[in-house]
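Below are the chains, spelled out letter by letter.
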Amino acid sequence: MEKKKRKFSTPHTLVIIVFLIIVAVAATYFVPSGEFVRYTDEATGRELVEAGSYTSSGTNPVSFLQVPIVMYQGILEAADIIAFLLIIGGAFEIVNVSGAILALCRAVAKHLKGKEFFVVPIFLALFALFGTTMGMSNEVAIFVPIGITMALSLGLDKVTGMAMVTVGAVSGFTAGLMNPFTVGVAQDIAGVSLFSGMGYRAVLLVVMLVIDTIYILAYDRMVKKHPEKSILYGLPDQEEFQPDDGKDEKINGRQIAVLVVVFGTLAILIYGLMVYQWYFEEMAGLFLAMGVICGLISGLSPSKIATTFTVGAKGIAGSALTVGFARGIQIVLTDAMVIDTIANAVAQVVNALPASVQSVGFFLAQTCVSFVITSGSGMAAVTIPLMSPVADLIGLSRQSLVLAYQMGDGFSNLLLPTTSSLLGTLAVAKVPYGRWVKFMFPLFLIWTVLGCVMMIGARLIGY
């Protein structure tokens, strides 16, 4: 009897994260530790790196016995994000029980059926606006359930709904027309006028949105013709392609009231982020209040609201833990003092490249550094002072250096498992990380090619 070949299945996200932690620990036995001299800039108060100050002191290996410990430490360090995700999961479960968002999406889908060509770019442009002005990142998880519900109502799969929101936000975040967390910080460190050079970055944003729209619509067309080619095909408990028997139901008064509260909450959120620089505490409190109010409007008793909230939080708990486990990778690299070593090696490689390709080299180097320094502002503090003298020597403008930094930092945000905003979003969407990579990696490669073209163009026009 012929044996059946075992079909490869993507490992669970936690397995991938633990494997990467082990790889990081193994690397500490070979990669020398080292550090730059850092100083505080009197004008801005920011900690900067002194170029040429790197010194190495041999290896500082992390014991393999530390693997379970750094996983626990990662959970502690990411406790604010994990708590935020649990509250988001619970609050939106209460909203979902009301049926308000589903009813709204059914109504919209009824008029837009077969017109996904308009829905996808509208969502992308909307969230690109949020990303490019207020640096929307971790907050994206809040909006993903709305995008997914809309996509499912239109007969699309869950990945499309997530992509309409996240890809748009990251495109805006990367172009950073007025993103204070990346472009603002980097231009300030580089000594460039704040938010100058916006025209060329606007070109980057428009081109990215065109590419995003074509890519997502092409995926949609493929999945509609061949449902088995969906990234999520074969996974249990997926809602896509299931018939919706309630499409003719009308929105009732309670659901309208719930929608008013939900969109009012989102409006308050945007105002709070832009004016008061709210963070997890304020956002969590806002959405906890939203969930309770929506539950009362829907006619749920206090006990039923609590039970529903618990169900929503429980559904997201396992995935939320991946955010904490992933933080363990950063802890290992920091404890072993190899982050500066990696940054220094990248700078040396770029400096050795031929002048004709050094601008592209800067961009690719920043992309590589983003794999170990996941914080956008933190990456600017390390790489901009380090790369600035090299850029000056080869005649690359500080503006182009900032462009290389923002693309290198932004493009990888939807790919790296060490990015807390991505893992948080996947947790809310309940999309496995491995499946998401299958969808995202080709787009990442396209973005990378675009980044190279933008760097060459910047050099040619003297940007």
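In case you missed it, the structure is sitting above this.
Only a predicted model underlies this, so the values are computations on that prediction, with no experimental measurement involved. (Residues numbered from 1 in each chain as written. Predicted model: local features only at pLDDT ≥ 70, side-chain atom pairs only at ≥ 80, totals over all residues. Heavy atoms only, no water.)

## Regarding the overall build of the chain
Thinking step 1. Scanning the chain from terminus to terminus reveals 18 helices and 4 strands.
Thinking step 2. Taking all 463 residues of the chain together, the buried fraction comes to 54%.
Thinking step 3. Expressed as a percentage of contacts within the chain between residues at least 6 apart in sequence, the contacts between residues at least 24 apart total 79%.
Thinking step 4. Carbon together with sulfur atoms contributes 65% to the accessible area of the chain, which is approximately 20600 Å² in total. (Helix = DSSP H or I, 4+ residues; strand = E, 2+ residues; numbered from the N terminus. Buried < 20%, exposed > 50% of the residue type's maximum accessible area, 1.4 Å probe, protein only. Contact = heavy atoms within 4.5 Å. Areas by Shrake-Rupley, 256 points an atom, 1.4 Å probe, with all protein chains shown as cover.)

## Re the environment of Met 440
Thinking step 1. Note on placement: Met 440 falls in helix α18 (residues 433-461).
Thinking step 2. The buried category is assigned to Met 440, whose relative accessible area is 0%.
Thinking step 3. Along the chain, Met 440 and Val 167 lie 273 residues apart, while their C-alpha atoms are 9.2 Å from each other.

## Considerations on the nonpolar core
Thinking step 1. Ile 21, Ile 142, Phe 287, Trp 436, Phe 439 and Trp 447 are the most contacted members of the largest nonpolar core, which has 141 residues in total.
Thinking step 2. Considering every element that reaches this core, the biggest residue donor is α18, with 12 residues.
Thinking step 3. Ignoring sequence-local partners within four residues, the contact set of Trp 447 consists of Val 167, Val 170, Ser 171, Met 208, Asp 212, Phe 411, Leu 414 and Met 440. (Core = buried A, V, L, I, M, F, W, Y, C linked by side-chain atoms within 4.5 Å.)

## Thoughts on the side chain of Thr 132
Thinking step 1. By the element assignment, Thr 132 lies in helix α5 (residues 116-134).
Thinking step 2. For Thr 132, the contacting residues outside a window of four places in its chain are Gly 172, Phe 173, Ala 175, Gly 176, Leu 177, Met 178, Asn 179 and Leu 205.

## Thoughts on the packing of aromatic side chains
Thinking step 1. Under the definition given, this model contains 15 aromatic pairs.
Thinking step 2. Relative to Phe 439, the ring of Tyr 219 has its centre 5.1 Å away and its plane inclined at 80°; by these criteria the two rings are edge-to-face. With Tyr 219 in helix α9 (residues 198-225) and Phe 439 in helix α18, this pair connects stretches of sequence that are 220 residues apart.
Thinking step 3. Phe 439 sits in the buried class, given a relative accessible area of 2%.
Thinking step 4. Ring-pair connections join several aromatic residues into one group, and the members of that group are Phe 123, Phe 127, Phe 130 and Phe 143. (Phe/Tyr/Trp six-rings, centres within 6.5 Å; stacked < 30°, edge-to-face > 60°.)

## A short note on the environment of Met 407
Thinking step 1. Checked against the element boundaries, Met 407 lands in helix α16 (residues 398-411).
Thinking step 2. With 232 residues separating them in the primary sequence, Met 407 and Ala 175 have C-alpha atoms 7.3 Å apart.
Thinking step 3. When residues no more than four places from it in sequence are discounted, the contact partners of Met 407 are Thr 174, Leu 204, Phe 363, Gly 451, Met 454 and Met 455.

## Describing unusual backbone geometry
Negative phi values dominate among residues other than glycine, just as trans dominates among peptide bonds.
Thinking step 1. Positive phi is not limited to glycine here, since Met 337 has a value of about 55°.
Thinking step 2. Relative to the elements of secondary structure, Met 337 occurs in the loop between α12 (302-335) and α13 (339-352).
Thinking step 3. With relative accessibility at 31%, the residue Met 337 sits in the partly exposed group.

## Digging into helix α11 (residues 280-297)
Along an α-helix, a turn takes 3.6 residues, which lines up residues three or four apart on a common side.
Thinking step 1. Helix length check: α11, at 18 residues, gives a terminal C-alpha distance of 25 Å against a target of 26 Å (1.5 Å per residue), a fit within 8%.
Thinking step 2. Residues of α11 that are buried include every one of Phe 280, Met 283, Ala 284, Leu 286, Phe 287, Met 290, Gly 291, Cys 294 and Gly 295, and no others. Projected onto a plane normal to the axis of α11, the buried residues spread over an arc of 165° and lie on a single side. What points out from α11, more than 90 degrees from its buried face, is the exposed set Glu 281 and Leu 296.
Thinking step 3. Looking one or two places after α11, you find Gly 299, whose phi comes out positive at around 90°. (Expected span 1.5 Å × (residues − 1). Arc of directions from axis to C-beta.)

## A word on the side chain of Arg 201
Thinking step 1. Structurally, Arg 201 is set in helix α9.
Thinking step 2. A distance of 3.5 Å separates a polar atom in the side chain of Arg 201 from the backbone oxygen of Gly 197.
Thinking step 3. Apart from the residues within four sequence positions on either side, Arg 201 is in contact with Ala 175, Gly 176, Leu 177, Val 183, Gln 187, Phe 195, Ser 196, Gln 399, Gln 406 and Tyr 463. (Polar contact = N/O pair within 3.5 Å; in protein donor to acceptor, adjacent residues only side chain to side chain.)

## A few points about the packing of helix α3 (residues 79-98) against α11
Two numbers describe a pair of packed helices, the interaxial angle and the distance between the axes.
Thinking step 1. Axis separation between α3 and α11 bottoms out at 8 Å; the angle between their running directions is 20°. Compared by their axis directions, α3 and α11 come out roughly parallel. Here α3 runs over α11; the crossing is left-handed. On the side of α3, the interface is formed by Asp 80, Ile 81, Phe 84, Ile 87, Ile 88, Ala 91, Phe 92, Ile 94 and Val 95, while α11 contributes Phe 280, Met 283, Ala 284, Phe 287, Leu 288, Met 290, Gly 291, Cys 294 and Gly 295.
Thinking step 2. Among the residues making up the contact of α3 with α11, the classes are represented as 15 nonpolar, 2 polar and 1 charged. (Axes fitted to C-alpha atoms, helices over the stretch in contact; angles between N-to-C directions. Parallel < 35°, antiparallel > 145°, perpendicular 65-115°, else oblique. Left-handed = near helix turned anticlockwise from the far one by under 90°. Nonpolar A, V, L, I, M, F, W, Y, C, P; charged D, E, K, R; others polar.)

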